[in-house]
Amino acid sequence: RSTYRLKIFASYPLIDIYLDEQAMSSAPTLQSRRALYIGGLDPLVTEPVLRAAFIPFGPIAHIDIPMDYAAGTHKGFAFLEFSSGEDAQEAIYNMDGAELFGKSLVVNVAQENRMNLGSNKAVWTNEEWFQREAGLKEEQEKMEEMRGKERDAEMLKERPPVGAR
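Residues numbered from 1 in each chain as written. Predicted model: local features only at pLDDT ≥ 70, side-chain atom pairs only at ≥ 80, totals over all residues. Heavy atoms only, no water.

Undergrad: Provide a residue-level description of the environment of Gly 40, including the pertinent values.
TA: Tracing the backbone shows Gly 40 in the loop between β3 (35–39) and α2 (47–54). The contact partners of Gly 40, leaving out residues within four places of it in the chain, are Gly 76, Lys 103, Ser 104 and Leu 105. (Helix = DSSP H or I, 4+ residues; strand = E, 2+ residues; numbered from the N terminus. Contact = heavy atoms within 4.5 Å.)

Listed below in structure tokens is the structure:
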């Protein structure tokens, strides 16, 4: 047990907070190889169903099922953390490829968030994107097309007719 002093506001006294070290690790710990990614979930799968399917392999510390709030369901995958790495490995061995509500599950060790879209800049910092969105690029293309037509007309004026010499 650890003791932490926390001052919330100046008008409140100091409050002693006792935190259990196990409670502090309620979020999945990816480096410990106890956290699993479970993909291919049917929309009917809920946290209690997932807990019931994986509890035979050991105590479950945490379950996270990301929600798609626009659709009103989960996104089709979940993260589950076991209390020990051996339990997690046993769950992978037994549940990877197993069916739950008629859908085949993909179960493996959860990886760090590796989402990298190729840049760490926002798209609107790119001048080309900004011009395209503002309609400036289209206007420039039209102007160049007009200049090209004018050049073509000038070239035709300078050439003598084909039969005249």
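Undergrad: An account of the nonpolar core is requested, with residue identities and associated values reported.
TA: Residues Leu 50, Phe 54 and Phe 82 are the most contacted members of the largest nonpolar core, which totals 23 residues. Only β3, α2, β4 (60–64), β7 (77–82), α3 (85–95) and β10 (106–109) provide two or more residues apiece to this core. In terms of residue count, the dominant contributor to this core is α3 (4 residues). The residues touching Leu 50, leaving out its near neighbours within four places in the chain, are Ile 38, Leu 41, Val 45, Ile 63, Ile 65, Ala 78, Leu 80 and Leu 100. (Core = buried A, V, L, I, M, F, W, Y, C linked by side-chain atoms within 4.5 Å. Buried < 20%, exposed > 50% of the residue type's maximum accessible area, 1.4 Å probe, protein only.)

Undergrad: Let's hear about α2: which residues, and what values?
TA: Of all the positions in α2, only Leu 50, Ala 53 and Phe 54 are classed as buried. Taken around the axis of α2, the buried residues stretch over an arc of 85°, which confines them to a single face. When the buried face of α2 is taken as reference, the exposed residues oriented beyond 90 degrees from it are Pro 48 and Ala 52. Packed against the buried residues of α2 are β3, β4, β7, α3, β8 (99–100) and β10. (Arc of directions from axis to C-beta.)

Undergrad: Requested: an account of the pattern of salt bridges, with residues and values cited.
TA: Scanning all chains against the criterion turns up 3 salt bridges. In this structure, the salt-bridge partner of Arg 51 is Glu 47, at a minimum N-O distance of 3.6 Å. In this pair, Arg 51 and Glu 47 both sit in helix α2, 4 residues apart, roughly one turn of the helix. Accessibility expressed as a relative area gives 31% for Arg 51, which makes it partly exposed. We classify Glu 47 as partly exposed; its relative accessible area is 37%. Between Lys 149 and Glu 145 there is a salt bridge; the shortest N-O distance is 3.6 Å. In this pair, Lys 149 and Glu 145 both sit in helix α5 (residues 136–158), 4 residues apart, roughly one turn of the helix. Residue class for Glu 145 comes out partly exposed when judged on its relative accessible area of 48%. (Salt bridge = Lys/Arg side-chain N within 4 Å of Asp/Glu carboxyl O.)

Undergrad: Tell me about the pairing of β7, and please be specific about residues and values.
TA: Bridging between β3 and β7 involves 5 bridges; their strand directions are antiparallel. Bridged to Gly 39 within β7 is Phe 77. Of the pairings in the sheet, the one linking β4 to β7 comprises 4 bridges and is antiparallel in character. Within β7, the residue paired with Asp 64 across the bridge is Phe 79. (Pairing = 2+ DSSP bridges.)

Distances and angles like these do not, on their own, reveal function.
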